[in-house]
Amino acid sequence: MSGKALYVLNGPNLNLLGQRESAIYGEATLQDLETRCRAHAATLGLEIVFHQSNSEGELIGWVHEARDKASGIAINAGAYTHTSVALHDALRAVNLPSVEVHLSNVYKREAFRHTSFIAPVVNGVICGFGVDSYVLAISALSALISANKKG
Ligand code: CA2
């Protein structure tokens, strides 16, 4: 492992993964998701800092912390994706390689999930692949970080 960690941030209600709504979000628990992220990151020589919070302020605190401590951010802001100007401002301010992630395909769901306050301030968005969305986001961050180093 070398360099700074990737921050994988998870927003409200994602602590309930694997306990309810498995038809939408799958059977994996948050712990399973973390284990999968760590294992995949390790294959790319990357370390993960993995957090979940139901509080918008705590998520913003981790985005600020990432500015010094992380090489990139994968964020599933949960429902704050669709509401949070504050997370938009925080991600814009830290200006790190970043990916918005969702387990479900938000575009197949209610219209209120089609708007993201995060999407305009990240490099890209991955949704609809369940736990694999996170694996894809980690690969995308790894590629972005390598490209930045070369550039
Ligand atoms: O698909 C995603 O990953 C979402 O970010 C999940 C959010 C939702 O508000 C977004 O529109 C899309 C909700 C996370 C709630 O997770 C639960 C897990 C199990 C049981 C209940 C909620």
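Residues numbered from 1 in each chain as written. Predicted model: local features only at pLDDT ≥ 70, side-chain atom pairs only at ≥ 80, totals over all residues. Heavy atoms only, no water.

S.K.: Before we move on, could you go through the site of the ligand and cite the residues and values that matter?
M.R.: As a matter of local geometry, the ligand sits amid 17 residues, with Asn 76, His 82, His 102, Leu 103 and Ser 104 nearest to it. Contact between the ligand and Ala 79: an oxygen atom at 3.4 Å from a main-chain N or O atom of the residue. In terms of residue class, the shell around the ligand is made up of 8 nonpolar, 6 polar and 3 charged. (Near = heavy atom within 4 Å. Polar contact = N/O pair within 3.5 Å; in protein donor to acceptor, adjacent residues only side chain to side chain. Nonpolar A, V, L, I, M, F, W, Y, C, P; charged D, E, K, R; others polar.)

S.K.: Break down helix H4 (residues 85–94) for me, with residues and values.
M.R.: When we look at burial in H4, the residues that qualify are Leu 87, His 88, Ala 90, Leu 91 and Val 94. Along the axis of H4, the buried positions cluster into a sector of 165 degrees, meaning they face one direction only. Counted as exposed and oriented over 90 degrees from the buried face of H4: Arg 92 and Ala 93. Looking at the buried residues of H4, the elements they touch are helix H3 (56–69) and strand E3 (70–76). (Buried < 20%, exposed > 50% of the residue type's maximum accessible area, 1.4 Å probe, protein only. Helix = DSSP H or I, 4+ residues; strand = E, 2+ residues; numbered from the N terminus. Arc of directions from axis to C-beta. Contact = heavy atoms within 4.5 Å.)

S.K.: Describe the pairing of strand E1 (residues 5–10), naming the residues involved and giving the relevant values.
M.R.: Counted residue by residue, E1 has 6 buried out of 6 residues, so it is predominantly covered. Here E1 shows no split at all, with Ala 5, Tyr 7 and Leu 9 on one side and Leu 6, Val 8 and Asn 10 on the other all buried. Relative to E3, E1 is paired through 6 bridges, and the arrangement is parallel. If you follow Leu 9 over to E3, its bridge partner there is Ile 75. (Pairing = 2+ DSSP bridges.)

S.K.: Lay out unusual backbone geometry with the relevant residues and their values.
M.R.: Positive phi outside glycine occurs at Asn 13, with the angle close to 75 degrees. Take Asn 13: it is sitting in the loop between E1 and helix H1 (22–25). The exposed category is assigned to Asn 13, whose relative accessible area is 51%.

S.K.: Describe the pattern of salt bridges, and please don't skip the residues or the numbers.
M.R.: In total, this model carries 4 salt bridges according to the counting rule given. Here Arg 109 and Glu 110 are joined by a salt bridge, their closest N and O atoms 3.9 Å apart. A salt bridge links Arg 113 to Glu 110, with the shortest nitrogen-to-oxygen separation between them at 2.7 Å. Sharing partners across several salt bridges, the network here consists of Arg 109, Glu 110 and Arg 113. (Salt bridge = Lys/Arg side-chain N within 4 Å of Asp/Glu carboxyl O.)

S.K.: I'd like a rundown of the nonpolar core, residues and numbers included.
M.R.: Leu 6, Val 8, Leu 33, Cys 37, Ile 48, Phe 50 and Tyr 134 are the most contacted members of the largest nonpolar core, which totals 22 residues. Taken together, the elements giving at least two residues each to this core come down to E1, helix H2 (30–43), strand E2 (48–52), strand E4 (98–102) and helix H5 (131–150). Here this core gets 6 residues from one element, more than from any other, and that element is H5. Ignoring anything within four residues of it in the chain, the contact list for Phe 50 reads Val 8, Asn 10, Leu 30, Leu 33, Glu 34, Cys 37 and Arg 38. Among the nonpolar cores identified, the runner-up in size contains 20 residues, and Ala 66, Ala 70, Ala 77 and Leu 87 belong to it. (Core = buried A, V, L, I, M, F, W, Y, C linked by side-chain atoms within 4.5 Å.)

S.K.: Residues and numbers for the packing of H3 against H4, please.
M.R.: Close contact between H3 and H4 brings their axes to 9 Å; oriented N to C, the two are set at 5 degrees. The orientation of H3 relative to H4 falls into the category roughly parallel. Touching Glu 56, Leu 59, Ile 60, Val 63, His 64 and Arg 67 of H3 are Ala 86, Leu 87, Ala 90, Leu 91 and Val 94, all from H4. The class makeup of the residues in the contact of H3 with H4 is 8 nonpolar, 1 polar and 2 charged. (Axes fitted to C-alpha atoms, helices over the stretch in contact; angles between N-to-C directions. Parallel < 35°, antiparallel > 145°, perpendicular 65-115°, else oblique.)

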